[in-house]
Amino acid sequence: MKKVIEAKHLSFGYDNKLILENINFSIDKGDYLGIIGSNGSGKSTLIKLLLATLKPSGGEIKILGERIDKFRRWDKIGYVSQKANSFNTSFPATVEEVVAANLYSRVGLFRRPGKEHRKQVDNALELVGMREYKSRLIGELSGGQQQRVFIARVLVSQPEIMFLDEPTVGIDAKSEEAVYCMLARLNKELGITIVLISHDTSAITVHANKIACMGNKGLIIHDPKEKMTEEFITELYGYGVNLHAHRHDCRNCIRKEVV
Ligand SMILES: Nc1ncnc2c1ncn2[C@@H]1O[C@H](COP(=O)(O)OP(=O)(O)OP(=O)(O)O)[C@@H](O)[C@H]1O
Ligand SMILES: [Mg+2]
């Protein structure tokens, strides 16, 4: 199994306050890793380290087999941030333009995207079920639809790994379900490695093939089929979660309810 991410003895602190201490894990190609943990446990910080927006205080990270400080193929890495839905949606851009903007680094800022680029944009929108909305203004869409467009914006550069930091914050349960099902399809059908932070332990248990639990400056990787009982999570975090909170029986899902 090809490792796409490896972290060894990884430590990080803000202003000398240690947040992550001696973390070791790897992610294989085609994995769907769900990251859970209470507020402030370092989930977003970990993703920022894996995206090289933060520098580790100790240890090393390899991405697609290369040391992160030497890594240059960032177009292969997609990122949907925790704040994606605070994107200025009053900007008068169409869905097509928002997605195409992520191709500008290749197209060149002042050149119009050609036929081939427009086809790539169409394909990305098709994957998230938003192709028919391509001429609509981004500000006219619902939160869930906007979030799908932001995912298409990442998909257009054909990433090998997608990082998503709470991509469903602020959208209703039905749209949330649709986003999770769509990510599962991208993972299974296109083989895209997914790294998803979510507080929705139920959705993570259903869709992810690995779960990273963060807390006490550490990270433990689990198989969702084992151990992820309500008692286990309550013991780990000191708070209860309801794994039956949502039903995941949408027909697009590959895996059905397992808890
Ligand atoms: N730029 C920063 N400067 C100083 N401390 C920070 C900074 N960003 C985050 N922290 C602190 O680091 C810790 C981890 O933050 P992080 O954002 O990674 O948590 P999280 O697990 O993503 O939380 P949440 O579930 O609320 O998103 C928190 O205690 C936070 O206050
Ligand atoms: Mg966070």
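Everything numeric in this text was worked out from a predicted model, so none of it was measured. (Residues numbered from 1 in each chain as written. Chains lettered and ligands numbered in written order. Predicted model: local features only at pLDDT ≥ 70, side-chain atom pairs only at ≥ 80, totals over all residues. Heavy atoms only, no water.)

Novice: Please explain the packing of helix 5 (residues 143–155) against helix 6 (residues 173–190) as it appears in this structure.
Specialist: How two helices sit against one another is set out by the angle between their axes and by the gap between those axes. Packing of helix 5 against helix 6 brings their axes to within 9 Å, and their N-to-C directions diverge by 20°. Compared by their axis directions, helix 5 and helix 6 come out roughly parallel. The element helix 5 and its partner helix 6 pack so that their crossing is right-handed. Contacts between helix 5 and helix 6 involve Gly144, Arg148, Ile151 and Leu155 from the former and Ser175, Ala178, Val179, Met182, Leu183 and Leu186 from the latter. Counted by class, the contact of helix 5 with helix 6 contains 7 nonpolar, 2 polar and 1 charged residues. (Axes fitted to C-alpha atoms, helices over the stretch in contact; angles between N-to-C directions. Helix = DSSP H or I, 4+ residues; strand = E, 2+ residues; numbered from the N terminus. Parallel < 35°, antiparallel > 145°, perpendicular 65-115°, else oblique. Left-handed = near helix turned anticlockwise from the far one by under 90°. Contact = heavy atoms within 4.5 Å. Nonpolar A, V, L, I, M, F, W, Y, C, P; charged D, E, K, R; others polar.)

Novice: Please clarify how the site of ligand 1 should be interpreted in this entry.
Specialist: Taken together, 13 residues surround ligand 1, and among them Asn39, Gly40, Lys43, Ser44 and Thr45 come closest. Separating an oxygen atom of ligand 1 from a side-chain N or O atom of Lys43 is a distance of 2.7 Å. Separating an oxygen atom of ligand 1 from a side-chain N or O atom of Thr45 is a distance of 2.5 Å. Alone, ligand 1 offers 640 Å² of accessible surface; in the complex the protein occludes 62% of this. Ranked by the residues each element gives to the shell around ligand 1, the list is headed by helix 1 (residues 43–50), at 3 residues. (Near = heavy atom within 4 Å. Polar contact = N/O pair within 3.5 Å; in protein donor to acceptor, adjacent residues only side chain to side chain. Areas by Shrake-Rupley, 256 points an atom, 1.4 Å probe, with all protein chains shown as cover.)

Novice: Would you mind showing me how to read the nonpolar core here?
Specialist: Val99, Val149, Ile151, Leu155, Leu164, Leu183 and Leu196 are the most contacted members of the largest nonpolar core, which has 40 residues in total. Among the elements that take part in this core, helix 5 stands out by supplying 6 residues, more than any other. When residues no more than four places from it in sequence are discounted, the contact partners of Leu155 are Ala124, Leu127, Val128, Met162, Leu186 and Ile192. Among the nonpolar cores identified, the runner-up in size contains 30 residues, and Ile27, Leu49, Phe163 and Met214 belong to it. (Core = buried A, V, L, I, M, F, W, Y, C linked by side-chain atoms within 4.5 Å. Buried < 20%, exposed > 50% of the residue type's maximum accessible area, 1.4 Å probe, protein only.)

Novice: Please clarify how the sheet that holds strand 5 (residues 66–67) should be interpreted in this entry.
Specialist: Two modes of strand pairing occur in sheets, parallel and antiparallel, and in both the strands are linked by backbone hydrogen bonds. The 4 strands are arranged 2-1-4-5 in an open sheet whose pairing can be described as antiparallel. Both outer strands of the open sheet, strand 2 (17–28) and strand 5, are each paired with one neighbouring strand and no more. The pairing of strand 4 (residues 58–63) with strand 5 spans 2 bridges and is classified as antiparallel. By the bridge assignment, Ile63 is partnered in strand 5 with Glu66. Along the sheet face, helix 1 touches strand 1 (3–14), strand 2 and strand 4 and points at about 120° away from the line of strand 1. (Pairing = 2+ DSSP bridges.)

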